[in-house]
Amino acid sequence: MDWDPLLLTLKLAIVTTTILFVVAMPIAFWLANTKSKLKPIIETVVSMPLVLPPTVLGFYMLVAFSPSNAFGSWLNEWFGIKLIFSFTGLVLASIIYSLPFMVQPIQAGLATISHSLSEASYTMGKSRFKTLVKVLLPNIKPSLLTGLVLTFAHTVGEFGVVLMIGGNMPGKTKVASIAIYDEVEALNYSAANTYSIILFSVTFIILLLVYLTNGGYFKWFGK
Amino acid sequence: MIKLAIQKELKSEGGKMSLNIDLNINKGQFATLFGESGAGKTSTLRMLSGLLKPDKGLITVNGKEWFESAKNINLRPQQRKVGYVFQDYALFPNMTVRENLEFALQKKQDRYIIDELIEFIELQELQNRKPSTLSGGQQQRVALARALVQKPEILILDEPLSALDHAMRIKLQEYILKIHKKYRLTTLLVSHDIGEIVKLSDQVFELQDGQIIKQGNASDFFGLDKTSAKFRFTGEILSIKQEEVIYVIAVLIGNDVVKIVSDPSEAINLKIGDKVFVASKAFNPIIQKII
C-alpha cells in the first residue's frame with residue numbers, strides 16, 4: 001500500500017484551503033459591499049469553475065503555463081517557476097478551481113450582516129481591516145467554516161484539472177483520485193478500493209462535522 | 001458650532017431627490033431634524049458623520065473643515081469625532097456589553113470611562129451579557145453608552161427610541177438629556193414624536209423633499225408659546241363624536257385616552273390622526289392642532 005498519493009492529497013488540500021482563505025476574503029468582501037457595475041461579471045468569473053468541465057480549465061492552464069508559450073516561459077526564466085507537472089502548478093489550479101467554494105459562502109455570510117455594524121465601527125475610528133477581523137468575521141463563523149470545509153473537500157475530490165496540469169508523477173502530482181484511476185486501469189481493484197474507501201470516509205466525516213456544527217449541535221461554534 | 005451647507009443627489013425608491021441642506025447648530029445645543037420619511041433626515045446625519053459623501057458643499061465643526069468640495073477635503077468617518085447611535089442599535093452580537101464599549105476605546109485612551117458609562121446607564125449587572133439577551137431599552141442604553149466612549153464632539157441619534165414602548169421612551173429621554181448635559185455634547189436627533197422633540201430639543205429643523213422648510217426653537221416651532229396655559233400635553237386624536245351641541249374628542253396622550261369636550265368651532269378644524277396639544281388655563285381645556 002502506497003501512502004504517498006493520500007499524503008499528497010492531504011497536503012494539496014491544506015495548502016490550497018489556507019491560501020484560498022486569504023485570497024477569497026478581499027474578493028468576498030468586495031462583492032458583498034460593492035455597487036459597481038462590474039459585480040455581475042466578477043461574480044460570473046468566480047462561479048465559472050462550478051459549471052465548467054474541469055478538463056476545460058485544465059486545458060487552458062496547460063496551454064497558458066506551458067514553457068513553449070510566452071507566459072509560461074516568462075515565469076520560468078524570471079522566477080524559475082515551472083507550473084506544468086509540478087506541485088506549485090497543482091496548487092494554483094486548485095485555487096482557481098475551488099474559488100467559488102470559498103468566495104460564495106463568505107460573500108453570502110457578509111451580505112447578511114447589517115451595514116450599520118461596520119458603519120458603527122468606522123464612526124468609532126476603527127479601520128476597515130480591524131472591522132473585518134473583529135466585527136464581521138466573528139459574526140459569520142458558520143459561513144467561514146462552510147467555505148473552509150467545502151474547499152478542502154472539493155480539492156480532495158478533484159480529478160480532471162489535476163490530471164491535465166499535473167499529470168501522474170508519483171510523489172509530485174499523483175494525488176489519491178488519480179491513484180485510484182491508475183489502479184483500476186491496472187486492474188488492481190483491491191488497492192483502488194482501499195484509496196476509495198479512505199476518501200469516502202474522510203469526506204463523509206468532514207461534511208458531517210460541518211452540518212453538526214452549523215446545526216448548533218456543538219455549542220462553541222453555533223450561532 | 002456645526003455649519004452644514006451641502007448638496008447631494010439621492011436616488012431613493014420614489015425616484016430622485018436633490019438634498020439641499022443649510023443649517024447651523026451652536027455648540028452645546030440639542031437640535032432635532034423633523035419631517036416625513038424620505039425627507040432626507042438620515043442622509044443629512046450620514047453626511048455629517050462621513051458615511052455618505054455630499055456632491056458639493058461645506059461641513060465645518062468647531063472651526064475645523066470636515067468636508068469642503070472646493071478644497072477636496074473629506075475626512076473619513078474614522079477621523080470625525082462623532083458618536084452615532086443607529087436606528088437598529090448596531091451592537092456587535094459577538095461581544096458582551098462591556099466588550100462592545102471597550103471596542104470603541106481609542107488608542108491609549110483611559111479605560112476608566114468604560115466603568116463610568118456602565119454605571120451611568122445602570123448596566124453593571126448586565127455587562128457580561130451578549131446584546132441578544134437584552135431588552136430593546138437595555139440595548140438602546142448600551143448603544144448610547146458605546147457612542148460616548150470616544151468622547152465625541154457630536155452625538156447623532158437616528159430615531160433612537162422609535163422601537164420602544166412609551167414607558168421606556170420616557171425613561172430613555174431622561175438618559176439622553178442627562179448625557180447631553182453631563183458630557184456637554186452637541187446633539188443631533190431625528191424624531192417624529194412631537195412630545196419628545198419639545199422635551200429634548202433647543203432647536204428644530206423641519207425637512208421636506210430634501211430642503212429645510214422651517215426652523216426655530218422647539219416651543220415656537222410647534223406654536224406652543226401662543227397660549228398661556230397652566231398645563232399642556234401633546235397627543236393624537238383617536239375619535240371625534242358629536243353629542244348634542246358639543247363634540248367629544250378622544251386624544252391619546254402617552255398611554256392614556258383622554259376625552260375632551262370641545263366647541264364645534266374648534267372641532268371643525270380637527271380630524272382623526274391629527275397631532276394636537278391639550279392645555280388648560282384655570283378651568284376650560286383648550287385643544288388645538290399643532291401644525
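Note that the coordinates shown come from a computational prediction; the quantities given were computed from them, not determined experimentally. (Residues numbered from 1 in each chain as written. Chains lettered and ligands numbered in written order. Predicted model: local features only at pLDDT ≥ 70, side-chain atom pairs only at ≥ 80, totals over all residues.)

### Focus: the overall build of chain A
Within chain A, the secondary structure is distributed over 11 helices and 0 strands. Along the chain direction, N to C, the helices and strands of chain A fall in the order α-α-α-α-α-α-α-α-α-α-α. Expressed as lengths along the three principal axes of its C-alpha atoms, the size of chain A is roughly 65 × 50 × 30 Å. For chain A, with 223 residues in total, the buried portion stands at 36%. Considering only contacts within chain A whose residues lie at least 6 apart along the sequence, 71% involve residues at least 24 apart. (Helix = DSSP H or I, 4+ residues; strand = E, 2+ residues; numbered from the N terminus. Buried ≥ 20, exposed ≤ 12 C-beta atoms within 10 Å, placed from the backbone. Contact = placed C-beta atoms within 7 Å.)

### Thoughts on the overall build of chain B
What chain B contains, in helices and strands, is 8 helices and 16 strands. At 21 Å, chain B has a C-alpha radius of gyration in line with the 19 Å of a compact globule built from 291 residues. Viewed in the frame of its principal axes, chain B has a C-alpha envelope of about 70 × 50 × 35 Å. Evaluated residue by residue, chain B yields a buried proportion of 37% over its 291 residues. (Rg over C-alpha atoms; globule rule 2.2 N^0.38 Å.)

### Some thoughts on the interface of chain B and chain A
Across the boundary between the two partners, chain B contributes 16 residues, which contact 15 residues of chain A. Here the residues of the side of chain B that touches chain A are counted per class, giving 10 nonpolar, 5 polar and 1 charged. (Nonpolar A, V, L, I, M, F, W, Y, C, P; charged D, E, K, R; others polar.)

### Regarding the packing of helix H5 (residues 87-112) of chain A against helix H8 (residues 141-157) of chain A
All names here are of chain A. Running from N to C, H5 and H8 cross one another at 165°; their axes reach a closest spacing of 8 Å. What the angle tells us is that H5 and H8 run roughly antiparallel. The handedness of the crossing between H5 and H8 is right-handed. Only Ser-143, Leu-144, Thr-146, Gly-147, Leu-150, Thr-151, His-154 and Thr-155 of H8 make contact with H5, whose side of the interface consists of Ser-94, Ser-98, Phe-101, Met-102, Pro-105, Ile-106, Ala-108 and Gly-109. (Axes fitted to C-alpha atoms, helices over the stretch in contact; angles between N-to-C directions. Parallel < 35°, antiparallel > 145°, perpendicular 65-115°, else oblique. Left-handed = near helix turned anticlockwise from the far one by under 90°.)

### A look at the packing of helix H3 (residues 54-65) of chain A against H5 of chain A
Residue and element names in this part refer to chain A. The geometry of H3 relative to H5 is characterised by a closest axis approach of 11 Å and an angle of 135° between their N-to-C directions. Between H3 and H5, the angle falls in the class oblique. Both H3 and H5 take part in a crossing whose hand is right-handed. For the pair formed by H3 and H5, the contact residues are Pro-54, Leu-57, Gly-58, Met-61 and Phe-65 on the first element and Gly-89, Ala-93, Ile-96 and Tyr-97 on the second.

### Digging into the environment of Ser-114 of chain A
Take Ser-114 of chain A: it is sitting in the loop between H5 and helix H6 (115-123). Since 14 C-beta atoms lie within 10 Å of it, Ser-114 of chain A is described here as partly exposed. For the pair Ser-114 of chain A and Leu-62 of chain A, spaced 52 residues apart in sequence, the C-alpha separation works out to 43 Å. When near neighbours in sequence (up to four residues on either side) are disregarded, Ser-114 of chain A contacts Asp-88 and Ala-90 of chain B.

### Examining the sheet that holds strand E14 (residues 256-262) of chain B
Residue and element names in this part refer to chain B. An order of E14-E13-E12-E15-E16 is seen for the 5 strands of this open sheet, with the pairing classed as antiparallel. At either end of the open sheet lies a strand with only one pairing partner, and these are E14 and strand E16 (285-289). Put simply, the sheet's adjacent strands are angled 40° from each other on average, direction ignored. In the sheet, strand E15 (residues 275-280) pairs with E16 via 5 bridges, with the strands oriented antiparallel. (Pairing = 2+ DSSP bridges.)

### Some remarks on the pairing of strand E10 (residues 203-208) of chain B
All names here are of chain B. Both strand E3 (residues 30-35) and E10 contribute to a ladder of 5 bridges, which runs parallel. Bridged to Thr-32 within E10 is Val-204. When E10 meets strand E11 (residues 211-217), the two strands line up antiparallel, connected through 6 bridges. Each residue of the ladder has a partner; that of Gln-208, found in E11, is Gln-211. Connecting E10 to the antiparallel partner E11 that follows it, the hairpin turn spans 2 residues, and Asp-209 within it adopts a positive phi of roughly 45°.

### Re the environment of Ile-19 of chain A
Residues and elements named next belong to chain A. Among the structural elements, Ile-19 can be located in helix H1 (residues 4-33). Here the alpha-carbon distance between Ile-19 and Phe-200, two residues 181 residues apart in the chain, equals 25 Å. In contact with Ile-19, other than residues within four places in its own chain, are Val-91 and Ile-95.

### So, the pairing of E15 of chain B
Sheet faces and side chains relate simply in a regular strand, where the side chains alternate between the two faces. In the sheet, strand E12 (residues 231-243) of chain B pairs with E15 of chain B via 6 bridges, with the strands oriented antiparallel. Looking across to E15 of chain B, one finds that Phe-231 of chain B is bridged to Ser-280 of chain B.

### A look at the nonpolar core
Counting residues in each nonpolar core, the largest one holds 107 residues, and the members touching the most others are Ile-165 of chain A together with Ile-156 of chain B. Residues Val-251, Ile-260, Val-276 and Phe-277 of chain B belong to the second largest nonpolar core, which totals 9 residues. (Core = buried A, V, L, I, M, F, W, Y, C linked by C-beta atoms within 7 Å.)

### Observations regarding the confidence of the model for chain B
The predicted coordinates of low-pLDDT regions are not to be read in fine detail. Taken as a whole, chain B shows an average pLDDT of 87; of its residues, 95% reach a score of 70 or greater. No element of chain B has a lower mean pLDDT than E16 of chain B, at 75, and none a higher one than helix H2 (residues 97-103) of chain B, at 94. (pLDDT = per-residue confidence, 0-100.)

### Section: unusual backbone geometry
Most of the time, phi is negative for any residue but glycine, and the peptide bond is trans. All names here are of chain B. Residue Asn-62 is not a glycine yet carries a positive backbone phi of 50°. With respect to the helices and strands, Asn-62 occurs in the loop between strand E4 (56-61) and strand E5 (64-68). A residue is classified by how many C-beta atoms lie within 10 Å of it, and Asn-62, with 13 of them, is partly exposed. Residue Asp-209 is not a glycine yet carries a positive backbone phi of 45°.

### Focus on helix H1 (residues 41-49) of chain B
Each full turn of the α-helix corresponds to 3.6 residues, which orients residues three or four apart in the same direction. Residues and elements named next belong to chain B. Of all the 9 residues making up H1, 7 are buried; the element is thus mostly covered by neighbouring parts of the structure. Buried residues of H1: Lys-41, Ser-43, Thr-44, Leu-45, Met-47, Leu-48 and Ser-49, and no others. Trailing H1 by a residue or two, Gly-50 shows a phi angle of about 90°, which is positive.

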